[in-house]
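The chain contents come next:
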Amino acid sequence: MTFSFFSRKSNSVASYGKPISSIRVDVHAHILPGLDNGAPLLDNSIRMAQVLVDAGITRVVATPHIMKGYYENSLPRIQQAKAELVEELKRRKITLVVDLAAEYYVGEELLHQVNEGEPLLTFGVRGKKPYLLMETGILEEPKELEALIQGLVKRNIVPLLAHPERYVYLQNNFERAIELFRMGVLFQVDWQSFHGREDRHIQKFVERMVDYRMVSFVGTNLRNEDQMPQLIDAASQPYFRLMTEIGLLNNELR
Ligand SMILES: [Fe+2]
């Protein structure tokens, strides 16, 4: 099969001239094939990898969903998908390092795993505390959230909340985001949230988080290979640039 990204020069570094931002590490991407609502097949994963490389990314943390009843991804299954992707990237000479983690859904299952000391898919820099990427439902704060934060902190794992800007319970209560931050939660905002074309509330929320210096990581949350225009658009926004100038932890993972 011929891949179209080689002909889509308008979306690539080759025509854009340089990476679209200073960010070299993506910490949130649904790039592994066949595991969740991201890449369905390995071909899609490869096209997504090329999008990331074109955007200037050299390392990606693959974060498939783990959610009871929806995405029951076991560790061996995730590891197998990663191995397939790494092998194919190598075969195609695409230079992108792939680390393995997950995007855990906050609920009873995760709380149980944390409290029982079960192995978890975290990421980070050797010698430093690892991060666990987690998401919640959109509307209400889950009842397990505080206990989960405490359990992770006790295990020396940093709770990293994915896309806080999407949660209505935080959009309506910024103070709660500050409280979570004080409890030890770090925040990963989505790259595309800065362009604001879909939801102005979301854009406003991430801008406020930047104002309060509460953003630790940005992630593409990539789900398909058609998102380059949004990545370019978002990266050109003033608040995106401000966020990268203030200092993110992404590039520590290089
Ligand atoms: Fe995600």
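Data block above holds the structure.
A brief look at the structure comes next.

Calculation criteria
- Residues numbered from 1 in each chain as written.
- Predicted model: local features only at pLDDT ≥ 70, side-chain atom pairs only at ≥ 80, totals over all residues.
- Helix = DSSP H or I, 4+ residues; strand = E, 2+ residues; numbered from the N terminus.
- Expected span 1.5 Å × (residues − 1).
- Buried ≥ 20, exposed ≤ 12 C-beta atoms within 10 Å, placed from the backbone.
- Contact = placed C-beta atoms within 7 Å.
- Axes fitted to C-alpha atoms, helices over the stretch in contact; angles between N-to-C directions.
- Parallel < 35°, antiparallel > 145°, perpendicular 65-115°, else oblique.
- Left-handed = near helix turned anticlockwise from the far one by under 90°.
- Nonpolar A, V, L, I, M, F, W, Y, C, P; charged D, E, K, R; others polar.
- Pairing = 2+ DSSP bridges.

**Digging into helix 8 (residues 200–211)**
Then comes step 1: For helix 8, which comprises 12 residues, the first-to-last C-alpha distance of 16 Å matches the rise-based estimate of 16 Å (1.5 Å per residue) to within 8%.
Then comes step 2: Along helix 8, the residues that are buried comprise Ile202, Gln203, Phe205, Val206, Glu207, Met209 and Val210.
Then comes step 3: Next to the buried residues of helix 8 lie helix 6 (168–171), strand 8 (186–190) and helix 10 (238–246).
Then comes step 4: Looking one or two residues past helix 8, Arg213 carries a phi angle of roughly 55°, positive in sign.

**What to know about the packing of helix 8 against helix 10**
Helix-helix packing is described using two parameters, namely the angle between the two axes and the distance between the axes.
Then comes step 1: Helix 10 packs onto helix 8 with a crossing angle of 30° between their chain directions and a minimal axis gap of 10 Å. Between helix 8 and helix 10, the interaxial angle falls into the category roughly parallel. Here helix 8 runs over helix 10; the crossing is left-handed. Contacts between helix 8 and helix 10 pair Val206, Glu207 and Val210 from the former with Tyr239, Leu242 and Met243 from the latter.
Then comes step 2: In terms of residue class, the contact of helix 8 with helix 10 is made up of 5 nonpolar, no polar and 1 charged.

**Comments concerning the sheet that holds strand 1 (residues 25–29)**
Then comes step 1: Pairing in this open sheet of 3 strands is parallel, and the strands run 1-2-4 from one edge to the other. One side of each edge strand has no neighbouring strand; the edge strands of this open sheet are strand 1 and strand 4 (97–100). Across the sheet, the mean angle separating the axes of adjacent strands is 25° when strand polarity is ignored.
Then comes step 2: Pairing of strand 1 with strand 2 (residues 59–62), which is carried by 3 bridges, proceeds in the parallel orientation. Bridge pairing in strand 2 places Val25 opposite Arg59.
Then comes step 3: Seen against the sheet, helix 3 (residues 75–91) touches strand 2 and strand 4 and runs at an angle of roughly 180° to strand 4.

**Things to note about unusual backbone geometry**
Then comes step 1: Look at Asn156: it is not a glycine, yet its phi comes out positive at around 65°.
Then comes step 2: Structurally, Asn156 is set in the loop between helix 5 (145–154) and strand 7 (158–162).
Then comes step 3: Under the C-beta neighbour-count criterion, Asn156 is labelled exposed, with 9 such atoms within 10 Å.
Then comes step 4: With a phi close to 55°, Arg213 is a non-glycine residue in the positive phi region.
Then comes step 5: Locating Arg213 in the fold gives a position in the loop between helix 8 and strand 9 (217–219).
Then comes step 6: Arg213 sits in the exposed class, given 11 other C-beta atoms within 10 Å.

**Looking at the sheet that holds strand 9**
Then comes step 1: An order of 3-5-6-7-8-9 is seen for the 6 strands of this open sheet, with the pairing classed as parallel. The outermost strands of the open sheet, each flanked by one partner alone, are strand 3 (65–66) and strand 9.
Then comes step 2: Sheet analysis places strand 3 next to strand 5 (residues 103–105), joined by 2 bridges and oriented parallel. Considered in strand 5, the bridge of His65 is made with Glu103.

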